[in-house]
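The primary structure of each chain is shown beneath.
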Amino acid sequence: MIRYALRCERDHAFESWFQDSSAFDAQLKRKLVNCPVCNSVRVEKAIMAPRIASKKGREVAPAAPAPTPAPAEPGSTPLMMAHERELRAKLKELRDHIVKNADNVGERFPNEARKMHYGEIEHRPIYGEASPDEAHALIEEGVEVSPLPIPPDDRN
């Protein structure tokens, strides 16, 4: 494995690991290497200090290590891309909207959804719990359902 210090066209510095230099070249050519800040695929290797092994085989730290960008927000890592944070925020916003504007019917969700689908009760926004088998059965019956997004930070 090899670690490269990289820089995008907007001068964002970041690091990434590759199997070897040819793996980096192949991924770069296929536009699979992108900046975690701006998502640009116009990336190039940055100047970095080499790591040199001593006679005893121990690694000696470089004189000037490549800077590691600080996390943008508490709990984030340099590898979490800006668009991932934005997506998580939008998923949380969607979930909050649904929870605020719909009735939580809990474990009664499959039955309540079916009743609405077949016109037995009035349509209203609901959310609740269903096993994967129950959700699959609802979909096969033509009942329009979709999973409620749970951002990774909200899982208990």
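Rules and cut-offs
- Residues numbered from 1 in each chain as written.
- Predicted model: local features only at pLDDT ≥ 70, side-chain atom pairs only at ≥ 80, totals over all residues.
- Heavy atoms only, no water.
- Helix = DSSP H or I, 4+ residues; strand = E, 2+ residues; numbered from the N terminus.
- Buried < 20%, exposed > 50% of the residue type's maximum accessible area, 1.4 Å probe, protein only.
- Contact = heavy atoms within 4.5 Å.
- Areas by Shrake-Rupley, 256 points an atom, 1.4 Å probe, with all protein chains shown as cover.
- Core = buried A, V, L, I, M, F, W, Y, C linked by side-chain atoms within 4.5 Å.
- Pairing = 2+ DSSP bridges.
- Phe/Tyr/Trp six-rings, centres within 6.5 Å; stacked < 30°, edge-to-face > 60°.
- Salt bridge = Lys/Arg side-chain N within 4 Å of Asp/Glu carboxyl O.

Colleague: Can you break down the overall build of the chain residue by residue, with the values?
Modeller: Secondary structure assignment for the chain yields four helices and seven strands. When its helices and strands are written in sequence order, the chain yields β-β-α-β-β-β-α-β-α-β-α. A buried classification covers 21% of the 156 residues belonging to the chain. At a minimum sequence separation of 6, the contacts of the chain that also span at least 24 residues come to 41%. Just so you have it, the chain exposes about 11,700 Å², and 52% of that area is on carbon and sulfur atoms.

Colleague: Explain the side chain of Glu-112 to me, and be specific about the residues and the numbers.
Modeller: Its place among the elements puts Glu-112 in helix H3 (residues 109-117). If we skip the residues at most four places from it in the chain, Glu-112 touches Val-105, Ile-121, Arg-124 and Ile-126.

Colleague: Help me get a handle on the nonpolar core, residues and values and all.
Modeller: Counting nine residues, the largest nonpolar core consists of Tyr-4, Leu-6, Cys-8, Phe-14, Phe-18, Phe-24, Val-33, Cys-35 and Val-43. Per element, the largest residue contribution to this core is three residues, and it comes from strand S1 (residues 2-8). Among the nonpolar cores identified, the runner-up in size contains seven residues, and Val-105, Phe-109, Met-116 and Ile-126 belong to it.

Colleague: Can you lay out the pairing of strand S2 (residues 13-18) for me, pointing to particular residues and giving the numbers?
Modeller: Two strands pair when backbone bridges link them, and S1 and S2 are joined in this way by six bridges, in the antiparallel orientation. Paired with Ala-5 across the strands is Glu-15, a residue of S2. Here S1 hands over to S2 after four residues, with Asp-11 in that stretch at a positive phi of 70°.

Colleague: Give a description of the packing of aromatic side chains that names residues and reports values.
Modeller: Following the criterion strictly, the structure yields three aromatic pairs and no others. Pairing Tyr-4 with Phe-18 gives two aromatic rings, centres 5.9 Å apart and planes at 45°, and the pair type is tilted. Taken as a pair, Tyr-4 in strand S1 and Phe-18 in strand S2 lie far apart in primary sequence, 14 residues in all. The pair formed by Tyr-4 and Phe-18 is uniform in burial state, with each residue classed as buried. Here a set of aromatic residues connected by ring pairs shows up, and it is made of Tyr-4, Phe-18 and Phe-24.

Colleague: Any details on the pattern of salt bridges? Residues and values, ideally.
Modeller: When their charged atoms lie close together, side chains carrying opposite charge are able to pair. Taken as a whole, this structure holds nine salt bridges when the rule is applied. The partner of Arg-7 in a salt bridge is Asp-11, and the shortest N-O contact between them spans 3.2 Å. Asp-11 sits in the exposed class, given a relative accessible area of 53%. Between Arg-124 and Glu-112 there is a salt bridge, with its nearest N and O atoms 3.3 Å apart. You can see Arg-124 sitting in the loop between H3 and strand S7 (126-128) and its partner Glu-112 sitting in helix H3, a full 12 residues away along the chain.

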